[in-house]
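# Summary of structural features
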Amino acid sequence: MSVVGSKYKRFNFRVNADYDVFKWLTIGVTSSLVKSSNLAASSGLNTHITRPPYGSAYDDDGNILQYINSSGDKNPLYDAQYEKEQTDANIIRLNGYIDIHPFKGFSYRLNAGYYNRFSENGAYKKKEFTSGGAAGSMSNSSAYKYTIENIFNYDIPFRNDNHSLVLTGVIGYEHETSSSLGFGADNVPVDEFWWHMIADGENTSQSHSFGEYYILSYLLRAQYNFKDRYIVNAAVRRDGSSRFGKNNKWGTFPSISAAWRISQEPWMKKATWVSNLKLRASIGMVGNQGGIGNYETLGTVTDYRYEFGDNYYTGYLPGNSLPNQSLQWESTTSANFGVDFGFFKNRLNGTIEYYNTTTNNLLFNREINSVLGYTRITDNVAKTRTTGWDISLDGYIINKKDLVWNIGVVYSVFDNKILRLSGEVDENGNPINDINNRWFIGSPINVLYDYKTDGIYQYEDFEGQNPDGTWILKNTVDTDGDGIADAPLQRDDVVEPGKVKVVDKNGDGKINGDDRYIIRTDPEFTASINMSFRYKGFDFFMDWYGVYGAVRRNSYLSESNNGGSLQGKLNGIKVNYWTPDNPSNEWPRPSFNSLTTYQNALAITDASYIRLRTLAIGYTLPKKALKALRMQNIRIGLTATNLLTFTKYLSYSPEATTGAYPEARQFAVSLNLTF
Amino acid sequence: MKNIFNILAIAAAVTLSAGCSGLLDVESKTAVTSDYLYSTPEGLTKAIVGLYSKDRSFATGDAVEYIVMNLDYCTDLMVFRGGTAATLARLDNTRPNNTNITKIWEQNYQIIGKANEIIAAAENLGLEDPTVKRVYGEAKLFRARAYFILYQRFERLYLNLEPTSLDNAFGRVFRPASKAELFEVIKDDLDDAIANLEWEIPVGTSGSPDYGRFTKAVAKHVRAQVAMWEEDWTTAINECEDIFENPNYGMLPRTIDVFNGPDLRNSEVLYAYQMSSNIGGGASSSDGVMNGHRVSLNVTPNYKKIGGMKNSVDEGGYGWGRVYPNTYLLSLYDQEKDNRYKELFKFEYYYNDPDNLPAGAQLGDPVQYDPANAASYLETMHPMSVKYADFGYTNSDNPDRLSSFKDLIVYRLAETYLMCAEAYFHRDGGSGMAATYFNETYARAGNAPKSTITLQDLLDEYARELHFEGVRWPLLKRLGLLGDAVRAHAGDLKSEDPKLNADYAQARTNFRENRDWRWPIPESALNLMPGYGQNEGWL
């Protein structure tokens, strides 16, 4: 399948040069230029896949129709002819260095980097475009980033070769500016040249933005090594960022790590089956400023425009985010413990690693009650913790000249938890959760907060109907505690046969926001297994990847725009829905008018999957044949990626977000020649 | 080589300056800060423009919130097909997480929050400066209107009159205010607005009036509305009559004259959202294509689905066919005498597409109802209200445009007259001034003037004159008639309009007497104020 109008071109150019000017001086440059051109598809993937099946894109003569049916469903092929959007970008990277090593052990290196991204976007809709055209827009944007690093290194010359100590000092500087300029116009007199004629139209929008930030950093590090057996690193860095509040621009982040290569110990010499055994541990802090914008602490305002009569005005008001001058560095403290091992001449090797990462002063957008005139504030008081295990094993089951069989396994499991949010407590002293952001203390960071469904209402669930046609639910709620149900379950929406049943979590006899559940979405574990096999000239490789226990809301089962609402308006996924003749307990009664209430909750489904990520086969010609051809090596290969996916998740991909292109299935044929 | 040395030179220079951490004190170059807005009279004039724009944002784009509140959802005058905020018309799936209800709540509190800041800043600067004085009056009116609108729809409100800052944003205990407390604030604000606003529309940058700005008349009109809710008939009468006496305002010869054309700039209009395709005209630009509001699309049938018809400015431009007058509203007119029956509604649609004409039909013939197509009647050829339709006013260049740039009405003098007539009716009875003011709209439409009126006469006249202008729902609620009116007339049954294929009157059976007189407090707001409590009747 291909989507009309989507195309991507890229050109890369790279030059690297190193030059030893003197014995004590090396200079070098790496530079690259990437030029790309991206023609965007006119309508998203969803428009294509949700077109109702009873329409037709072409008339009897094979011409493209504007609408595929009389309901006015747009034909994406039609508008694609009259719309174009293109982004051209250049990325230039220049990195130069000077390395001075005047005497033994000491070096000074200066890294200077220059990065520039320039892009130009043009978009245009021709006159024929459905619902309005002869209009287009252009925008330019550019970003410049300068980085400078001064690195001082001193490898202290010990007389005793068993010791090694390297001291490092770094002074770093980073400055980025970005700006953009945009312009839109309609009533463009000539359509033919797309957006290139928009200067002749009437101005409909104009925009300019500018932003910059600075980061300064200092680092001191000592690396000590004894006989390659004991390795200790200690470092401290201090970072300053222009984004934070006046008194909080700087943060200090220490770290320390140690490793013990047991296999290098003299007393291990006898254990020849151990080829490598290393224990390592580290604990360190890093700072993060990514969560906030350049001017977050300043309280900038938003522009609002108004034309009173024929008079134009630009107004300003503070935005919805309450400015917070006291923002500071978010810090993440990680503790890692690991074992690297290799046995039997590394025929079996692997790594076991445990990590525990605590983030303090998490930068997050916290909700404020909208009755205060603001809806959020970027705050700095939350705390989260992530712990996990990563285990990888790799082994040669057979390792012979003509026959090699290798299997590798990677297994990851992690868990995260919110430890602290705003720190505010309610009347009973319990910490307050941020429900609108779905953040709950003690729960994972990524959760859904929704109702649990309990099948579909059937005729048997009702006493009957009122004279006006409304339905009367049977009594299922015991209000006076005598064990006899004496009242029906109360709901704000209208309940009829075929509607979704919802669990009354707190048992108060009514369905409201308090009946929602916290539902973890992160997988319980991920794992992959790969296997390679070689017999004489033939080789074979495959790599399987699995995700277990992930949960997602499938919008193809719940959103009207994605055909998921059982309204019969767009093409959707076939489900076993309720009708009077098919009293299904899985999916509700279709409703032309609107999405059935609580169908959203039904669409939360398991998104576990197993995928064959890579499959490769190849054949390498035997030496004899090569000699005749005067070649060093010839290999013919076939590689397939994303060949198979097994999942119960009802979509073209259990991973891709709705409307995004699925992971491409690729086949590559290769011929490697070495002369 | 030379390049490398340049980089070196820069590097050396920067490394030296890196020691100076003043580098990290960066100011924004493209956005001013709120300090600037609130510390000078000029800054305040910018801030108040922002409030007008925020207020208008209910009515831009899909304009769903404007449509819900102004096009008589859940009243006895409207029949609804589908689409726009359907559950608020049908009352079938409304829950406290309803996005439109949430937006109306949040947006009004946004206006209140920003108005609090402007009012505090103006008091700081002193009201002696005429610019500050006017902005102060405007901000007070915005705050009063927002609380008043919220009160009518939600009742259970949190009262907040202080600017929000880091110092007071947290640790609050949220408790609903009493009606008396709320009305005290609203009346104070309105009295301040009346005292500080001028009668004249301010003259703008180009020397022409700034249509769409608040005047003393707007403040008095809202003050009268508030008095009606308190049954303070004398205050209502006084405020209304002040407006009548002002020469800037007067009734036009016919109701339709108010709505003809793209701009609502005439002596009958008190306050209207200004819309145009210019920057600042409330439109949004996407890839250069300008999009206005979609109120016109909601009221205009989707007649282009009929073979032999295509979008045309004579028929009202692009239509979705969602919100229409019902048979009850149309039955209230004297079809012979009352010119509003023919002028405020369009009943016929005419073949205009020579390519797809059905057999026997001629261009210009009216489309005939065909029982075989009953299922599409409501969507494609139901009678429509013309108050919002765009007959080439802003779409003559593109009848296919999926939006309109026609101004949208908020308050007009006809309502002031009917309100005044009603206040006299309650205070002094149905003859005399009650009838005199009643006849301002009733007789203007061509009916024989009445010398005595009843409450039913008033209700019917409100409907005939001011349907789809946001008057009906608050009126029925204020008079305690909402439940009966909805149960009796909301939507249309097939038995009332035989051209329909089915009943379109869900609100009649879904209206819950103990609940639907008010909207639920939005779930997202309740999530942030534990213990505040949901509105009566809502779970």
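Residues numbered from 1 in each chain as written. Chains lettered and ligands numbered in written order. Predicted model: local features only at pLDDT ≥ 70, side-chain atom pairs only at ≥ 80, totals over all residues. Heavy atoms only, no water.

## Some words on the overall build of chain B
- On a plain count of helices and strands, chain B comes out with 22 helices and 8 strands.
- Here the C-alpha radius of gyration of chain B, 26 Å, is about what a compact globule of 539 residues would show, namely 24 Å.
- Dimensions along the principal axes, computed over C-alpha positions, put chain B at roughly 90 × 65 × 55 Å.
- In chain B, buried positions account for 62% of the 539 residues. (Helix = DSSP H or I, 4+ residues; strand = E, 2+ residues; numbered from the N terminus. Rg over C-alpha atoms; globule rule 2.2 N^0.38 Å. Buried < 20%, exposed > 50% of the residue type's maximum accessible area, 1.4 Å probe, protein only.)

## Considering empty space enclosed by the protein
Residues and elements named next belong to chain B.
- If you walk through the whole model with that rule in mind, you get 6 cavities of 30 Å³ or more.
- Estimated volume of the largest cavity: approximately 490 Å³.
- What lines the largest cavity is a set of 26 residues, and nearest its centre among them are Ile 149, Gln 152, Tyr 411, Gly 470 and Pro 474.
- When residues of the lining of the largest cavity are traced back to their parent elements, those giving at least two are α4 (64-70), α7 (130-154), α9 (216-229), β8 (408-412), α16 (413-428) and α19 (472-478).
- No other element matches the 5 residues that α7 contributes to the lining of the largest cavity.
- Counting contributing residues, the lining of the largest cavity receives three or more from each of domain 1 (37-70 + 92-249 + 522-526) and domain 3 (412-510). (1 Å grid on protein atoms, 1.4 Å probe; cavity = no way out; pocket = protein on both sides within 12 Å on 5 of 7 lines; lining within 4 Å. Points joined across faces, edges and corners; volume = space filled by probe spheres on them. Domains from an automatic or database assignment.)

## Comments concerning the domain arrangement of chain B
Residue and element names in this part refer to chain B.
- In terms of domains, chain B is made up of domain 1 (37-70 + 92-249 + 522-526), domain 2 (284-406) and domain 3 (412-510).
- Centre-to-centre, using C-alpha coordinates, domain 1 lies 27 Å away from domain 3.
- Taken together, the contact pairs 21 residues of domain 1 with 22 residues of domain 3.
- Taking both partners together, domain 1 and domain 3 bury about 2000 Å²; carbon and sulfur atoms supply 65% of that area.
- Looking at the side of domain 1 facing domain 3, the largest losses of area belong to Met 228, Trp 233 and Phe 244, adding up to 29% of the total buried there.
- Taken together, the connections running from domain 1 to domain 3 amount to 1 salt bridge.
- Here domain 1 is connected to domain 3 by 10 residue pairs in polar contact (both at pLDDT 80 or more).
- Residue contributions to the side of domain 1 that touches domain 3 peak at 8 residues, all from helix α10 (residues 233-245).
- Grouping the amino acids of the side of domain 1 that touches domain 3 by side-chain chemistry returns 12 nonpolar, 5 polar and 4 charged. (Contact = heavy atoms within 4.5 Å. Buried area = accessible area lost by both parts, 1.4 Å probe. Salt bridge = Lys/Arg side-chain N within 4 Å of Asp/Glu carboxyl O. Polar contact = N/O pair within 3.5 Å; in protein donor to acceptor, adjacent residues only side chain to side chain. Nonpolar A, V, L, I, M, F, W, Y, C, P; charged D, E, K, R; others polar.)

## So, a nonpolar patch on the surface
Residue and element names in this part refer to chain A.
- On the surface, Trp 273, Phe 344, Leu 348, Leu 393, Val 409 and Ile 529 cluster together into a nonpolar patch covering about 530 Å² of accessible area.
- Along the chain, Leu 393 turns up in strand β16 (residues 376-399).
- Residue classification places Leu 393 among the partly exposed residues on the basis of a relative accessible area of 38%. (Patch = residues over 30% accessible without salt bridge, like charges linked within 9 Å, V, L, I, M, F, W, Y side chains within 5 Å. Areas by Shrake-Rupley, 256 points an atom, 1.4 Å probe, with all protein chains shown as cover.)

## Notes on the environment of Asn510(B)
- Counting through the fold element by element, Asn510(B) comes out in helix α21 (residues 506-510).
- We classify Asn510(B) as buried; its relative accessible area is 9%.
- Sequence separation between Asn510(B) and Thr75(B) is 435 residues, and the spatial gap between their C-alpha atoms is 13 Å.
- Dropping the residues within four chain positions of it, Asn510(B) is found in contact with Val494(A), Arg90(B), Leu91(B), Asp92(B) and Asp516(B).

## Some remarks on the side chain of Asn196(B)
Residue and element names in this part refer to chain B.
- Structurally, Asn 196 can be placed in helix α8 (residues 179-196).
- Side chain to side chain, Asn 196 and Lys 133 meet in a polar contact 3.4 Å long.
- A polar side-chain atom of Asn 196 sits 2.8 Å from the main-chain carbonyl oxygen of Asp 192.
- The contacts of Asn 196, once residues within four sequence positions are left out, are Leu 127, Lys 133, Arg 134, Tyr 136 and Gly 137.

## Structural notes on the interface of chain A and chain B
- At the interface, 100 residues of chain A touch 106 residues of chain B.
- Between chain A and chain B, the buried area comes to about 8700 Å², and carbon and sulfur atoms account for 59% of it.
- Between chain A and chain B we count 3 salt bridges in total.
- One salt bridge connects Arg265(B) with Asp310(A), and the closest N-O pair in it is separated by 3.0 Å.
- For the interface between chain A and chain B, the tally reads 38 residue pairs in polar contact (both at pLDDT 80 or more).
- Per element, the largest residue contribution to the side of chain A that touches chain B is 11 residues, and it comes from strand β7 (residues 202-226) of chain A.
- Of the residues assigned to the side of chain A that touches chain B, the class counts are 40 nonpolar, 40 polar and 20 charged.

## Let's talk about the domain arrangement of chain A
- Each domain of chain A was delimited in the assignment, giving domain 1 (1-41 + 82-210) and domain 2 (458-515).
- Averaged C-alpha coordinates put domain 1 of chain A and domain 2 of chain A at centres separated by 60 Å.

## Considerations on the side chain of Asp504(A)
Residue and element names in this part refer to chain A.
- Turning to its location among the elements, Asp 504 is positioned in the loop between β22 (500-502) and β23 (517-520).
- Despite its burial, Asp 504 remains without a salt bridge, the nearest opposite charge being carried by Lys 510 at 9.2 Å.
- With residues up to four places along the chain from it excluded, the contact list for Asp 504 reads Leu 489, Gly 509, Lys 510, Ile 511 and Asp 515. (Lys, Arg positive; Asp, Glu negative; His and termini not counted.)

## Some remarks on the pattern of salt bridges
Residues and elements named next belong to chain B.
- Tallied over the full model, the rule gives 61 salt bridges over all chains.
- Note that Glu 469 and Arg 412 form a salt bridge whose closest N and O atoms lie 2.7 Å from each other. Linking Glu 469 in the loop between α18 (455-466) and α19 with Arg 412 in strand β8, this pair joins segments that are 57 residues apart in sequence.
- A relative accessible area of 1% places Arg 412 in the buried class.
- The network of salt bridges with common partners includes Glu 268, Asp 338, Arg 340, Lys 387, Arg 412, Arg 444, Glu 461, Arg 464, Glu 465 and Glu 469.

## Some points on the environment of Arg518(B)
Residue and element names in this part refer to chain B.
- Position of Arg 518 relative to the elements: it lies in the loop between α21 and α22 (523-526).
- Placed 289 residues apart in sequence, Arg 518 and Trp 229 show a C-alpha to C-alpha distance of 15 Å.
- Aside from chain neighbours lying at most four places away, what touches Arg 518 is Arg 153, Glu 155, Lys 477, Asn 535, Glu 536 and Trp 538.

## Notes on the nonpolar core
- Counting 148 residues, the largest nonpolar core has Tyr66(B), Tyr73(B), Trp105(B) and Ile118(B) as the members making the most contacts within it.
- Residue contributions to this core peak at 14 residues, all from α7(B). (Core = buried A, V, L, I, M, F, W, Y, C linked by side-chain atoms within 4.5 Å.)

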